[in-house]
Amino acid sequence: MNAPEMKTLDICQIKEYLPHRYPLLLVDRVLNWEAGKSITAIKNVTVNEEFFNGHFPHKPVMPGVLMIEAMAQTAALLSFLTMGVKPDDSSVVYFLGIDGARFKRPVGPGDQLKMEVEILRNARGIWKYKAVGSVDGQVALEAELMCTMRSTADSSQPAGQ
């Protein structure tokens, strides 16, 4: 019996699916994904990240909000891959909610943040995911994320956006 084929994406392929660019593109590689189910991606955290200049100069720690953003970008990748579409200039993904976010350990320079995201459900254009970020096998953060995709021409954007 053959092992399942690993589906990966390099940074050039990731940029075809995510509109983010430096300094806010926070996914470096997709290690594996399965449409409609899950994705595993990594963010290589380096001391050269701009946010380390102020967070914190004496003890660099990746801000929690950026770790959540990295997992949300990973979730958006999974959604686009599941739908079999690449976003265009009028596509945007909005956060609708972050539930149960817990930070278990700091992430700093030299760490590789491994993000595992699975789809919990997709109904009426609302995607819900379970996301876990780990470093060296230790959970660094976890959360449930909710997002929706909209056209920039759509006047019915989520409240507060």
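Use the structure listed above.
Scope of this entry: the structure provided in the associated data block. Along each chain, residues carry numbers from 1 onward, in the same order as the chain's sequence is written. Totals for whole chains, interfaces and linings use every residue, but because this is a predicted model, local features are given only for residues with pLDDT of at least 70 and side-chain atom pairs only at 80 or more, for both listing and counting. For side-chain calculations, the full set of non-hydrogen atoms in the structure is used, while hydrogens and water are omitted.

Describing the overall build of the chain
Scanning the chain for helices and strands turns up 2 helices and 6 strands. Note on conventions: DSSP H or I runs of at least 4 residues are helices, E runs of at least 2 residues are strands, and numbering of each starts at the N terminus. The helix and strand sequence of the chain, counted from the amino end, reads α-β-β-α-β-β-β-β. Judged by the C-alpha coordinates and their principal axes, the chain covers about 50 × 45 × 30 Å. Exposure categories follow from relative accessible area, calculated using a 1.4 Å probe and restricted to protein chains: below 20% of the type maximum is buried, above 50% is exposed, and the middle band is partly exposed. Of all 161 residues assigned to the chain, the portion counted as buried reaches 39%. Counting contacts in the chain only where the partners sit at least 6 residues apart, residues at least 24 apart contribute 62% of the total. Taken as a whole, the chain presents about 9,100 Å² of accessible surface, with 51% of it coming from carbon and sulfur. Of the charged side chains in the chain, 17 are positive and 18 negative; the average position of the first set lies 4 Å away from that of the second. Should any heavy atoms of two residues lie within 4.5 Å, those residues are considered in contact. In these tables, accessible area is a Shrake-Rupley quantity obtained with a 1.4 Å probe, and a residue counts as shielded only by the protein chains included in the view. Only four residue types enter the tally: Lys and Arg on the positive side, Asp and Glu on the negative side; His and the chain ends are excluded. The atoms used to mark charge sites are NZ of Lys, CZ of Arg, CG of Asp and CD of Glu.

Observations concerning the packing of aromatic side chains
Under the pairing criterion, centres of Phe, Tyr and Trp rings, with the six-membered ring standing for Trp, must be within 6.5 Å; the plane angle then separates stacked pairs below 30 degrees from edge-to-face pairs above 60, leaving the rest tilted. A complete count under the given rule lists 2 aromatic pairs for this structure. An angle of 10° between the planes, with centres 6.4 Å apart, marks the rings of Trp127 and Tyr129 as stacked. Tyr129 sits in the buried class, given a relative accessible area of 0%. Only Lys NZ and Arg CZ are tested; either one counts as a charge over a ring when it is within 6 Å of the ring centre and within 35 degrees of the ring normal. Lying over the aromatic face of Trp33, Lys7 brings its terminal NZ or CZ to 4.4 Å of the ring centre.

Examining the sheet that holds strand β1 (residues 29-34)
The strand order β1-β2-β4-β5-β6-β3 describes an open sheet built from 6 strands, whose pairing is antiparallel. Among the strands making up the open sheet, the edge pair consists of β1 and β3 (91-103). Taking the axes of each pair of neighbouring strands and ignoring which way they run, one obtains an average angle of 20° across the sheet. Any two strands with at least two DSSP-identified bridges between them are counted as paired. Bridging between β1 and strand β2 (residues 38-44) involves 5 bridges; their strand directions are antiparallel. Bridge pairing in β2 places Arg29 opposite Ile42. For helices, the fitted axis covers only the stretch in contact; all axes are lines through C-alpha atoms, and the angles between them, taken along N-to-C directions, range from 0 to 180 degrees. Sheet strands in contact with helix α2 (residues 64-83) are β1, β2, β3, β4 (112-123), β5 (126-135) and β6 (138-151), and its direction is about 55° off that of β6.

Observations regarding the environment of Ser91
If you trace the backbone, Ser91 turns up in strand β3. A relative accessible area of 28% means that Ser91 is categorised as partly exposed. For the pair Ser91 and Ala72, spaced 19 residues apart in sequence, the C-alpha separation works out to 15 Å.

Points about the side chain of Thr40
Structurally, Thr40 can be placed in strand β2. Here Thr40 is in contact with Val30, Leu31, Asn32, Lys114, Met115 and Glu116, once residues within four sequence places are set aside.

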